[in-house]
Amino acid sequence: MSNFLKYEYYTVGKSPFVYVGYQCNNRCIFCFEADWRFPKKSTNQVKKEIGIIRENFDFINFMGQEPTLRKDIIELVAYAQKLGFKEIGITTNGRMFAYPGFTKDILKNGLTQIVLTIVGHTPSVHDGHTLTKGSFDQALAGVKNILSLKKPELSFIINIMVTRRNYRDLPKTIDFYADLGIKEINIGHVMPLNKKIIHSKEIVVPMSKVVPYLIDRQEKYDHRIKFLFVEYPACVFPREYRDKAFPCLEENPQKSRIKICQECPYQDRCAGVSQAYLNLYGQGEFKL
């Protein structure tokens, strides 16, 4: 099987994710969906998928390219609320949230979680990754609008994607968003999951180089910020920090189990490591 996950591998109803976006206003160099073929779905088609997901889950997340670019996204969120989902989330680059009217409308129609992806705390770093001038300024305006308009119960997560180009800035980046009032931060490790970066050590950084920065910020903000270290398996951390790992969001055919997985106590919550990553850096940094 190819190293690249394809949209068609996902079966509706097998996960709480509904893929609704088929275009994006950023051109992120690391986008793992860059090689996916997203079909254009009508409002009714998406509603049918939402109904199927509801049969198996009480949580749903709207994702795929940039879902907020759909003109019917607020209607779809409202429909999920009508079906009784306990949690309704969206994964976004945040740029549409720069518009206060949009932010107010989507928040009042049932949204309970926003996961907003950023790549830095300055225009040069962020826009250098998105290849879109002004994307940082809009995303930051979106962050501020959400913070000012959200109800306390809304889960607002900043999702920081880590590359070789920005990992040394992680302390400053985390501090920047913490100072804005963010209480939940995901750190997502960029994997070589599109054809442009499959062999790129200039973009994909070894996890072991990032881990010291994660531990440092975890210790600084202990009990003040909820962290998830996404795609980092437990075996790349020192023993005392392994419970902080969040190695996978869902099972997928692109992951591989390595030799030490057979004896790992975390194997029930970890599907292994990206095979494309292993092809790039090998298994040496993973230890029991």
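Residues numbered from 1 in each chain as written. Predicted model: local features only at pLDDT ≥ 70, side-chain atom pairs only at ≥ 80, totals over all residues. Heavy atoms only, no water.

Chemist: Tell me what's going on with the overall build of the chain, and back it up with residues and numbers.
Modeler: Broken down by element type, the chain carries eight helices and ten strands. Taken over the C-alpha atoms alone, the chain extends approximately 50 × 40 × 35 Å along its principal axes. Restricting to contacts in the chain with at least 6 residues of sequence separation, those with at least 24 account for 73%. On the chain, roughly 13,700 Å² of surface is accessible, and the fraction owed to carbon and sulfur atoms is 51%. A gap of 3 Å separates the mean positions of the 41 positive and 30 negative side-chain charges of the chain. (Helix = DSSP H or I, 4+ residues; strand = E, 2+ residues; numbered from the N terminus. Contact = heavy atoms within 4.5 Å. Areas by Shrake-Rupley, 256 points an atom, 1.4 Å probe, with all protein chains shown as cover. Lys, Arg positive; Asp, Glu negative; His and termini not counted. Charge placed at Lys NZ, Arg CZ, Asp CG, Glu CD.)

Chemist: Can you lay out the layout of surface pockets for me, pointing to particular residues and giving the numbers?
Modeler: In this structure, the second largest pocket occupies an estimated 270 Å³ of space. Lining the second largest pocket are Gln-81, Lys-104, Leu-107, Lys-108, Gly-110, Leu-111, Thr-112, Leu-149, Lys-150, Lys-151, Glu-153 and Leu-154. Looking at the lining of the second largest pocket residue by residue, the class counts come to four nonpolar, three polar and five charged. (1 Å grid on protein atoms, 1.4 Å probe; cavity = no way out; pocket = protein on both sides within 12 Å on 5 of 7 lines; lining within 4 Å. Points joined across faces, edges and corners; volume = space filled by probe spheres on them. Nonpolar A, V, L, I, M, F, W, Y, C, P; charged D, E, K, R; others polar.)

Chemist: Before we move on, can you summarise the packing of aromatic side chains with the specific residues and values?
Modeler: Given two aromatic rings, one states the distance between the centres and the angle between the planes to describe the pair. Summed over all chains, the structure comprises nine aromatic pairs. Arranged with centres 6.5 Å apart and planes meeting at 45°, the rings of Phe-136 and Phe-176 form a pair that is tilted. Taken together, the positions of Phe-136 in helix α5 (residues 135–149) and Phe-176 in helix α6 (residues 170–180) put the pair 40 residues apart, joining distant regions of the chain. Phe-136 sits in the buried class, given a relative accessible area of 4%. Seen from their ring centres, Tyr-232 and Phe-237 are 6.4 Å apart, and the 65° between their planes marks the pair as edge-to-face. Pair check on accessibility: Tyr-232 and Phe-237 agree, each one buried. Connected via pairs of aromatic rings, a cluster forms that spans Phe-227, Phe-229, Tyr-232 and Phe-237. A cation sits over an aromatic face here: Arg-54 above Phe-85, 5.3 Å from the ring centre. (Phe/Tyr/Trp six-rings, centres within 6.5 Å; stacked < 30°, edge-to-face > 60°. Buried < 20%, exposed > 50% of the residue type's maximum accessible area, 1.4 Å probe, protein only. Lys NZ or Arg CZ within 6 Å of the ring centre and 35° of its normal.)

Chemist: Explain the pattern of salt bridges to me, using residue names and the numbers behind them.
Modeler: Taken as a whole, this structure holds nine salt bridges when the rule is applied. The partner of Arg-70 in a salt bridge is Asp-72, with the nearest N and O atoms 2.7 Å apart. The burial state of Arg-70 is the same as that of Asp-72; both residues are buried. A salt bridge links Lys-255 to Glu-231, with the shortest nitrogen-to-oxygen separation between them at 2.9 Å. (Salt bridge = Lys/Arg side-chain N within 4 Å of Asp/Glu carboxyl O.)

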